[in-house]
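Overview (structure and organization)
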Amino acid sequence: MNQPILSLRNVSFGYSPHQPILRDVNLDLRAGRIAAILGANGAGKTTLLSLALGWLSPWQGEVWLMGAPLRKWSSRERSRRMALVPQGEHTPFDYTVIEYVLLGRAPYLSPLGMPTAADVEIARQALEQVGIAALASRPLPQLSSGEHQLMLMARALAQIASPALPSEEASARLLLLDEPTAHLDLRNKARLIAIMRGLRELGVTLLMTSHEPDVALALADDVLLVEKGVPPQFGAAEEVFTAEALSRLYQLPIRLVDVDGRKRVFWT
Amino acid sequence: MSQRQALLLLLVLLVAVAVFSALVGRYPAPGWIAPARIADDELAQRLIFNLRLPRLLTALLLGMTLAAAGVVLQLLFGNPLVEPGFLGVSQGAAFGAAFAIIFLGGAGLITRLSAAFFALLGLGFSYLLARRLRFGGWLLRLILAGIAVSALFSAGLGLLKYLADPLTQLPEITFWLLGGLASITWPRLLGVLPFALLGLLVVFLYRWRLNLLALNEQTSFSLGVAPGRERWLLIFAAVLPTAALISVSGMIGWVGLIVPHIARRLFRTDTRYSLPAAMLIGGIFTVLCDDLARTLFAGEIPLGILTSLFGALIFLALMSLQQPRLRR
């Protein structure tokens, strides 16, 4: 069980030739841990998430999912184990919340299949889990951005909820979250942080990008700092998440201060 | 009423409209043939079987196909303004028909084959061009390619119209562009039937998973959708039968744009319901319009004019009314 859920080995990637934006990324994410990717705007955080998803293929290096190269996974098996919570995904069509969350059951259905009552039940539980069960039949355009984000979370939860997986793999699920707390008010932010902690308790592994060192500090066991021109640094939060590293990352004097036994980020 | 019941109701309505349409016409007098009379009127039997039935079935297939293709493409492109012909298909067919009328003698079969050929050529061009463009996402590339190909064909069509003999060829081109089913016979219907049925079947069986393709590409990838492959399968399943039917009907505007809106308005977006609903509504709508086209006056009214007129009116009425709701 010590095999990492997700590993990146010497991964490099760029969008245009000869201009890599990520160089030599190494990362080992073990089961039941939360890792945060921190970096300035444009440093490649979201790109890294797309590489972890397999949506982008690295120029060099390899992404490993549960001991096998990611590119060897069938899309169905991969999508049962790894789900994405994208940032601000919008559609011009007026699906209801439950219909949208049900889309998360796609990896379990044949191409011509329809969701069953059991799938609807799983979708309902996922909505319950993020606390918006009451919104099930609300059309998407009527949601606040906070509710929308929680709904995307619910879809990902419905996607990795799989009673069919063998029990030793029960904890082998991975959530990729792109800026999960962006655009959320304090209350929803606290709610989402609590949900993510709850998932960690269940053994789910989470990899998130964040603009907010505070959120990362509150959640992350591991941290990856993505800086321009420097090989990214990955390690346990206590080691990597230092005032010096943050100051360099954001090029801003930053202090970490203990408040009531918890570290807080301050800047001037 | 639940969505399921509403679909059933639409199906019953479709059958009723089809039976009604087989009986209505201008023989023996404008109006309708009493069913009792058919048994001993041999002319009525032949009229219904040889003329009205193939025409009725073509109108039905045409409406179902255009509406289904509209639903598929609007979702796939995340754009409620897309219509089935936009990937170079409609303009390609129009160019092909005009080309045949001017240079190939304009016989019916040649014109239809030429229209179908250029419609598919339009689709093929759009596809290849989209693959060659080197910027933007998949959707943007395909839309741009479709616009470019349509523009090329419509420029070509303009040139052909300019070259056409204004007394003989131009009216023929115009008539083809307005669309109609007056010349439909069994062999013509049977020629396009396999394409239409195959496309409709694929799209219908895919009706739930179609929802996934409405999501952005990365998200649908994360949900296990094969990038590219499933999209192209659905695009071809939607556009191929459209090209085939346009080749026998000419341009039939607005069905593919407006019927999907009506279906979504009544059944919400979930394609599990809105797709079959659009097929049924499209069928009913086109058959009724064609009834009017052939019975209203002694001469034929081009079907394309009626579908545009009534499509727009129904659309406006629906959009200004309170949204009706169906339960799941």
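Residues numbered from 1 in each chain as written. Chains lettered and ligands numbered in written order. Predicted model: local features only at pLDDT ≥ 70, side-chain atom pairs only at ≥ 80, totals over all residues.

**Points about the overall build of chain A**
Broken down by element type, chain A carries nine helices and 12 strands. What you see for chain A is a C-alpha radius of gyration of 19 Å, in line with the 18 Å of a compact globule of 268 residues. C-alpha extents for chain A along the principal axes are approximately 55 × 40 × 35 Å. Burial statistics for chain A: of 268 residues in total, 43% are counted as buried. The contacts of chain A with a sequence gap of at least 6 include a subset with a gap of at least 24, amounting to 66%. (Helix = DSSP H or I, 4+ residues; strand = E, 2+ residues; numbered from the N terminus. Rg over C-alpha atoms; globule rule 2.2 N^0.38 Å. Buried ≥ 20, exposed ≤ 12 C-beta atoms within 10 Å, placed from the backbone. Contact = placed C-beta atoms within 7 Å.)

**Things to note about the interface of chain B and chain A**
How big an interface is tends to be stated in terms of accessible area lost as the parts join. Chain B puts 21 residues into the contact, and the matching count from chain A is 26 residues. Ranked by the residues each element gives to the side of chain B that touches chain A, the list is headed by helix α9 (residues 217–222) of chain B, at four residues. For the side of chain B that touches chain A, the class distribution of residues is nine nonpolar, eight polar and four charged. (Nonpolar A, V, L, I, M, F, W, Y, C, P; charged D, E, K, R; others polar.)

**Overview of unusual backbone geometry**
Positive phi, close to 50°, is recorded for Q251 of chain A, a residue that is not glycine. Judged by the 9 C-beta atoms lying within 10 Å of it, Q251 of chain A falls in the exposed class. Of note, R268 of chain B is a non-glycine position whose phi angle comes to about 65°, a positive value. Here R268 of chain B is to be found in the loop between α11 (255–267) and α12 (271–295).

**Regarding the sheet that holds strand β4 (residues 60–65) of chain A**
Residue and element names in this part refer to chain A. On the basis of which strands lie adjacent, the open sheet formed by four strands has the order β2-β1-β4-β5 and antiparallel pairing. The open sheet has two free edges, formed respectively by β2 (22–29) and β5 (68–69), since each of these has just one partner strand. Judged from the two bridges that link them, β4 and β5 form a sheet pairing that is antiparallel. Bridge pairing links W64 to P69 in β5. (Pairing = 2+ DSSP bridges.)

**Quick word on the pairing of strand β3 (residues 34–39) of chain A**
Residues and elements named next belong to chain A. Among the six residues of β3, six are classified as buried, and the element is accordingly described as predominantly covered. On β3, burial covers both faces: I34, A36 and L38 on one face and A35, I37 and G39 on the other are all buried. Sheet topology places β3 next to strand β8 (residues 205–210); five bridges connect them, and they run parallel. Paired with A36 across the bridge in β8 is M208. Examined bridge by bridge, β3 and strand β9 (residues 222–227) share five bridges and lie parallel to one another. Paired with L38 across the strands is L225, a residue of β9.

**Overview of the environment of Y15 of chain A**
By the secondary structure assignment, Y15 of chain A is in the loop between β1 (6–13) and β2. In the structure, Y15 of chain A is positioned 41 residues away from L56 of chain A in sequence and 9.8 Å away in space, judged by C-alpha atoms.

**Section: the sheet that holds β9 of chain A**
Residue and element names in this part refer to chain A. If you trace the six strands from one edge of the open sheet to the other, you get β6-β7-β8-β3-β9-β10, paired in mixed fashion. With one partner strand each, in any of the chains shown, β6 (82–85) and β10 (230–236) form the two edges of the open sheet. Put simply, the sheet's adjacent strands are angled 15° from each other on average, direction ignored. The pairing of strand β7 (residues 174–177) with β8 spans four bridges and is classified as parallel. (Axes fitted to C-alpha atoms, helices over the stretch in contact; angles between N-to-C directions.)

**Comments concerning the pairing of β10 of chain A**
Across five bridges, β9 of chain A lies against β10 of chain A in antiparallel orientation. By the bridge assignment for β10 of chain A, L224 of chain A is matched with F234 of chain A.

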